[in-house]
Amino acid sequence: MDRIRIRGGRPLHGKIAISGAKNAALPLMAASLLTEETLILRNLPHLADIATMTHLLAQHGTEFSMAGEHPDGGHMGHVLKLRTGEITSTEAPYDIVRKMRASVLVLGPLLARRGQARVSLPGGCAIGTRPVDMHICGLETLGAEIDLDDGYIVARAPEGLQGGVVVFSQVSVGATENLLMAATLAKGDVVLENAAREPEVGDLANCLNRMGARIEGIGSDTLRIQGVDRLSGADYTVLPDRIEAATYAMAAAITGGVVELLGARPELMEAVAAALSRANVTMQPTACGVLVGAAGAGHKDSSPGDGLVGIDVTTAPYPGFPTDLQAQLMALMATATGAATITETIFENRFQHVPELMRMGADITVKGATAMVRGRGQSAGSGGGGLHGAPVMATDLRASVSLVLAGLAAEGETVINRVYHLDRGYERLEEKLSGCGADIVRLVD
Ligand code: EPU
C-alpha cells in the first residue's frame, strides 16, 4: 500500500488549481441514469470515488466515453460522456456499495426511470452509522413500496412515482439528492421540505433543470419539483470543490505561507472564511480565485503556527461550517496560540484523527461531541507549530488529510499510511502541494 512522506516546516507559496467537487460529481453521474440521452460532465475530478461510480453505473448499463481533457492541460479535469440508452440491471450490488456509500444515490434514478431497484444497504462506516432511513421514507411518500431483504433495499413503483410532500426530519445531503432525482420523473408535484442547501445539491438541481426537469427553490430548504415525462441529455460543468479549496487554505495557513486557490469560489466558502478570519487567516477574492494567508504569513521568517489563534467552531449543515473540514481545522488549531473548541454535530464518530494528531504532539481532549484543542503555537517556543513528525494513519478521507496538514507544519518527517483514503477525495495531492514548495512524496511499495 502506498504511503506519503512529508518533511514539514516549509511555508507554502504559490498557486493551487482547485478540482471539480467530488460530492457534486457523484450525484451528477447518478443523474445520468434518468435519461436515455447523453449527459456530458465537464471538470470531473480524477478520483477513486469517481472510478467506483463509473464501475457501478457500467453495471446498470451506462456507456462512457472520455471526451478529452480541458485545454489547460488537464487542470480543469476530465470531460466524460455518460449514456444509459437502456437500464440493463436495476441492482446495485453489495460489493460496490460497500466501497462507497454514495452508491445509494442510484436508488432514486433507477426507481424513477425503471419503476424498480434493488440496492444494497450501505451499512455503517468509519465516521458513523449513517443510516438511509430518510431516503427510504421519502421514496415511500412518493408512492414507492420498499422492503428490506437480505441487506438490500428492494423498491418498486410499477405505476411510477407520485407527487407528495416530503419533510426530512434532519438535513441530509444524500436523501435530498436521491429524492430530488426521483421527483423529476414523478407524476405530479413534489415538495421537499428541510432539504439540504449544500452547493452540491444546487449543482445537481441546476443540471437536472438543464436536462428538462422543473425544480424551483434551488439553494433554499424547500425544493418544489413539477414532475415531467422524460429528461433529455445536457452538457454540464461540475462546480469547484469548496472542501478541497478550504483544505488547501488551511495548508497555507498552518505552514505560515500564502497560496492562491485557482478556481475557488469564495461565495461558497463564507462560513469557512468567517471562521478562519477569527483565527487570523485572511481569504481574499482575486480575479482567478482566492488568496489565503495567515497574519504575518509571507514574511521571510514566518513559520508554522505564527499568527494563528484558537477559535470555537461547531459544524452544521450548509451554510454552516462543514463537517468535512472539521478534522483539518483541528490540525490548524493544534498549532495555534490559545485554546479552541471544535464541536461535531453531523456525525457521531468523526474524531478519529484525534489520537493520531496527539501522536504528533497535539494537545486535545475530547468530551462527547466536543474536542478542546490547546494550541501549541507560539507558546511551544519552537518551530513546527509545536508539532513533530510521526508515522500515522487514518480511517477516512478528511481525517487522513488533517494528518497531511499537521505533517506540513510539523518538525521532522511524517509518514501517512493508508493513502487510498486520500485518493478517494484529493486529486494529485502531492503534486499540488509540492508545486507550492512542500516536501511531500508518495512512497510506492
Ligand atoms: N442521516 C440519517 N438518515 C438518513 C440520511 C442521513 O440519519 O437517511 C444522518 C447521517 O447519519 C448524518 C446526517 O444525517 O448523521 C447527515 O448525513 P448526510 O445524509 O447529509 O450525509 P451523506 O449524504 O451521506 C454527504 C457527503 C459527506 C458529508 C455529508 C454531510 C457525499 C457523497 N457525501 O454525505 O461527505 O460529510 O454529506 O455534509 O456527498 C466526505 O466527502 O468526506 C464526506 C463524508
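Everything below is about the structure shown above.
Residues numbered from 1 in each chain as written. Predicted model: local features only at pLDDT ≥ 70, side-chain atom pairs only at ≥ 80, totals over all residues. Heavy atoms only, no water.

Enquirer: Can you walk me through the sheet that holds strand S18 (residues 312-314) in this structure?
Expert: Strand pairing in a sheet is mediated by backbone hydrogen bonds. Such pairs are either parallel or antiparallel. Taking strand neighbours across the sheet as the criterion, the 4 strands line up as S18-S19-S21-S20 in an open arrangement whose pairing is mixed. This sheet does not close on itself; its edge strands, each paired only once, are S18 and strand S20 (363-367). Averaged over all pairs of adjacent strands, the angle between their axes in this sheet comes to 15°, without regard to strand direction. Across 7 bridges, strand S19 (residues 337-343) lies against strand S21 (residues 370-376) in antiparallel orientation. For Ala339, the partnering residue across the bridge sits in S21 and is Arg374. Of the strands in this sheet, S18, S19, S20 and S21 are in contact with helix H10 (residues 326-334), which crosses S21 at around 35°. (Pairing = 2+ DSSP bridges. Helix = DSSP H or I, 4+ residues; strand = E, 2+ residues; numbered from the N terminus. Axes fitted to C-alpha atoms, helices over the stretch in contact; angles between N-to-C directions. Contact = heavy atoms within 4.5 Å.)

Enquirer: What is the right way to look at the site of the ligand in this model?
Expert: The full set close to the ligand counts 22 residues, and Asp133, Ser172, Val173, Asp324 and Ile346 are the nearest of them. For the ligand, an oxygen atom lies 2.9 Å from a polar atom in the side chain of Arg130. Between an oxygen atom of the ligand and a main-chain N or O atom of Ile346, the distance comes to 2.6 Å. In isolation the ligand has 830 Å² of accessible area, and contact with the protein removes 87% of it. Among the elements that line the shell around the ligand, the one with the most residues is helix H5 (residues 133-141), at 3 residues. Taken together, the residues that form the shell around the ligand break down as 10 nonpolar, 6 polar and 6 charged. (Near = heavy atom within 4 Å. Polar contact = N/O pair within 3.5 Å; in protein donor to acceptor, adjacent residues only side chain to side chain. Areas by Shrake-Rupley, 256 points an atom, 1.4 Å probe, with all protein chains shown as cover. Nonpolar A, V, L, I, M, F, W, Y, C, P; charged D, E, K, R; others polar.)

Enquirer: Would you mind going over the layout of surface pockets with me for this structure?
Expert: Think of a ball as big as a water molecule: rolled over the atoms, this probe shows where empty space is left. For the second largest pocket, the calculated volume is near 220 Å³. The wall of the second largest pocket is formed by 19 residues, among which Arg197, Glu198, Pro199, Gly202 and Gly219 lie closest to the centre. The leading source of residues in the lining of the second largest pocket is helix H7 (residues 199-210), at 6 residues. Looking at side-chain class alone, the lining of the second largest pocket contains 11 nonpolar, 4 polar and 4 charged residues. (1 Å grid on protein atoms, 1.4 Å probe; cavity = no way out; pocket = protein on both sides within 12 Å on 5 of 7 lines; lining within 4 Å. Points joined across faces, edges and corners; volume = space filled by probe spheres on them.)

Enquirer: What should I look at first to understand the pattern of salt bridges in this one?
Expert: Side chains that differ in charge, positive against negative, can pair when their charged atoms come close. Summed over the entire model, instances satisfying the criterion amount to 22 salt bridges. As a salt-bridge pair, Glu91 and Arg118 come within 3.2 Å of each other at their nearest N and O atoms. Taken as a pair, Glu91 in strand S6 (residues 91-92) and Arg118 in strand S7 (residues 116-120) lie far apart in primary sequence, 27 residues in all. A relative accessible area of 28% means that Glu91 is categorised as partly exposed. Overall, the relative accessible area of 25% leaves Arg118 in the partly exposed class. For Arg442, the salt bridge is made with Asp423, and the minimal N-O distance between the two is 2.7 Å. One end of the pair, Arg442, is in strand S24 (residues 439-443); the other, Asp423, is in helix H13 (residues 420-425), with 19 residues separating them in the sequence. (Salt bridge = Lys/Arg side-chain N within 4 Å of Asp/Glu carboxyl O. Buried < 20%, exposed > 50% of the residue type's maximum accessible area, 1.4 Å probe, protein only.)

Enquirer: So what exactly am I meant to see when it comes to the sheet that holds strand S1 (residues 3-7) here?
Expert: Strand order in this open sheet of 4 strands is S22-S23-S1-S24, and the pairing throughout is mixed. The sheet terminates laterally at strand S22 (391-393) and S24, the two strands that pair on one side only. Pairwise comparison of adjacent strand axes, ignoring direction, gives a mean angle of 25° for this sheet. Here 3 bridges tie S22 to strand S23 (residues 413-417), and the two strands are oriented parallel to one another. Pairing of Val392 across the sheet is with Ile416, part of S23.

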